[in-house]
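What follows is the residue order along each chain.
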Amino acid sequence: MLAFTIRRLLVSIPILILSTFLVFLLVAWGADPLGDFKAKNPPPAPAEIAAREKALGLNHGLLVQYWNWIKNLVIHGNFGPSVQGSAFDINAELSRRVWVTFRLVICAIIIALILAVIVGVITAMKQYSITDYVATLIGFFFLSLPVFWFAILLKIWATDINNSLGTSIKTLGPPGGQWGGVGSWFGFLLLPTITLALSSYATWARFQRASMLDVLNSDYMRLARAKGLSPRRVMVRHGLRTALIPMTTQVTLDVAAIMGGTVITERIFQWQGLGTMFINGIQTQDTNTVLAWLLISATLVIVFNLIADLLYAVLDPRIRLS
């Protein structure tokens, strides 16, 4: 297992480098970091533009720019200068914001996964019952809701509840990304986590239901029942473990979508996380900030793929990682 993990980590390095190169080209072709500066009225002098290009390393070709960027990142762990000036340190902002976003992503995945597995198993065992129809209706309801609209609805409902009952449901993130005590931690996490979790839950519950139905109708499940094993043991030990394997793949594939969902969710609930930083980077055409967010997102996807591979062996020992 350890050798497999190390081998996968080593294989992930060139994949990550290739993804950074493609992302760098896309960002460099799509945005001019000095676009706003050049559009000033009166226009800045050519010497001033040249000085800024040199300070940001834009006076070289794209390949040289990429080489300087990746070299600076690997050797010094520095994502480079920002077009927003020296007062905006990309590394410091990342270290301050990354755990704010990761807390949201991890909590949303855990809640959505637990709900999806429970509902998927129950609806598969009670196929075409009232429980199945109600769960299906709720699932399609959440599937049809756009994330941004659902987040706005939650925010409005929470505000109305606060006004009518005098409660204190927190509808906005704390200024500066600070969390305070444990109570505040859960309070600020509540609404954005529900937003992200329910949008993922609906898809995963349908996927888990279909996977369980395939397993329930298999020969080895019928054989397990014929041996006289209890329904609970048949379901959990023989059915659920097998049905979780395709579910693991689905969750892994959706990590990138969840990271994308944080961009909208953080904006609506005014969280000072990576999503807000990413939007600000796009608005200011700050390519190094955008690259930093994309690199972290790509790293998260690779890490979750590695976790999924390890889970395959845990769920089904017949899968040999060697």
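Look up a bit, the structure's there.
These lines cover the structure that appears in this document, whether it is placed above or below. (Residues numbered from 1 in each chain as written. Predicted model: local features only at pLDDT ≥ 70, side-chain atom pairs only at ≥ 80, totals over all residues. Heavy atoms only, no water.)

A short note on helix α6 (residues 130-144)
For clarity, the threshold we go by: Going along the chain from the N terminus, every DSSP run of H or I of four or more residues is numbered as a helix, and every run of E of two or more is numbered as a strand. The span one expects for a helix is its residue count, reduced by one, times 1.5 Å. Accessibility here uses a 1.4 Å probe with only protein chains present; expressed as a share of the type maximum, an area under 20% marks a residue as buried, one over 50% as exposed, and anything in between as partly exposed. Think of the arc as the fan of directions from the helix axis to the C-beta atoms.
End to end, α6 covers 21 Å across 15 residues, agreeing with the expected 21 Å (1.5 Å per residue, within 8%). When α6 is considered as a whole, its buried residues turn out to be Asp132, Ala135, Thr136, Gly139 and Phe142. With its buried residues spanning 130° around the axis, α6 presents them on a single face. Residues Ile130, Tyr133, Leu137 and Ser144 are exposed on α6 and point more than 90 degrees away from its buried face.

Details of a nonpolar patch on the surface
Where we set the bar: Only residues whose relative accessible area exceeds 30% and that take part in no salt bridge are eligible for patches, with like-charged residues grouped when within 9 Å of each other and nonpolar side chains (Val, Leu, Ile, Met, Phe, Trp, Tyr) grouped when within 5 Å. Using the Shrake-Rupley algorithm and a 1.4 Å probe, accessible areas are obtained, with residue cover drawn only from the displayed protein chains. One speaks of a salt bridge when a side-chain nitrogen belonging to Lys or Arg is within 4 Å of a carboxyl oxygen belonging to Asp or Glu.
A cluster of nonpolar residues, Phe148, Trp149, Ile152, Ile156, Trp157 and Ile264, forms a patch on the protein surface that exposes about 580 Å² of accessible area. No other element matches helix α7 (residues 147-165), which puts five residues into the nonpolar patch. Within the element layout of this structure, Ile152 appears in helix α7. Looking at Ile152, the relative accessible area reads 35%, which means it is partly exposed.

So, the side chain of Thr101
Under the convention used in this document: The contact criterion used is simple: two residues touch if any of their non-hydrogen atoms lie within 4.5 Å.
With respect to the helices and strands, the residue Thr101 is situated in helix α5 (residues 90-125). For Thr101, a relative accessible area of 0% corresponds to the buried category. Here Thr101 is in contact with Met259, Thr262, Glu266, Gly273, Leu274 and Gly275, once residues within four sequence places are set aside.

As for the pattern of salt bridges
Using the criterion set out here, one finds four salt bridges in the structure. In this structure, Arg222 engages Asp219 in a salt bridge whose closest nitrogen and oxygen atoms are separated by 2.5 Å. Linking Arg222 with Asp219, this pair stays in helix α9 (residues 219-226), spanning three residues, or about one helical turn. Residue Arg222 is classed as partly exposed on the basis of its relative accessible area, which comes to 44%.

Focus on the layout of surface pockets
Put simply, the test is: In this analysis, the protein atoms alone were mapped onto a 1 Å grid. Cavities are point sets where a 1.4 Å probe fits without being able to get out; pockets are open sets with protein on both sides within 12 Å along at least five of seven lines; lining residues have an atom within 4 Å of a point. Grid points are joined across faces, edges and corners, and a volume is the space filled by probe spheres set on the points. Under the scheme applied here, ten amino acids are nonpolar (Ala, Val, Leu, Ile, Met, Phe, Trp, Tyr, Cys and Pro), four are charged (Asp, Glu, Lys and Arg), and all others, including Gly, are polar.
Quantified by volume, the largest pocket comes out at close to 450 Å³. As for the largest pocket, its lining consists of 27 residues, and the residues nearest its centre are Leu56, Gly57, Leu58, Gln65 and Asn288. Considering each element in turn, the lining of the largest pocket owes the most residues, five residues, to helix α4 (residues 62-76). Among the residues making up the lining of the largest pocket, the classes are represented as 14 nonpolar, nine polar and four charged.

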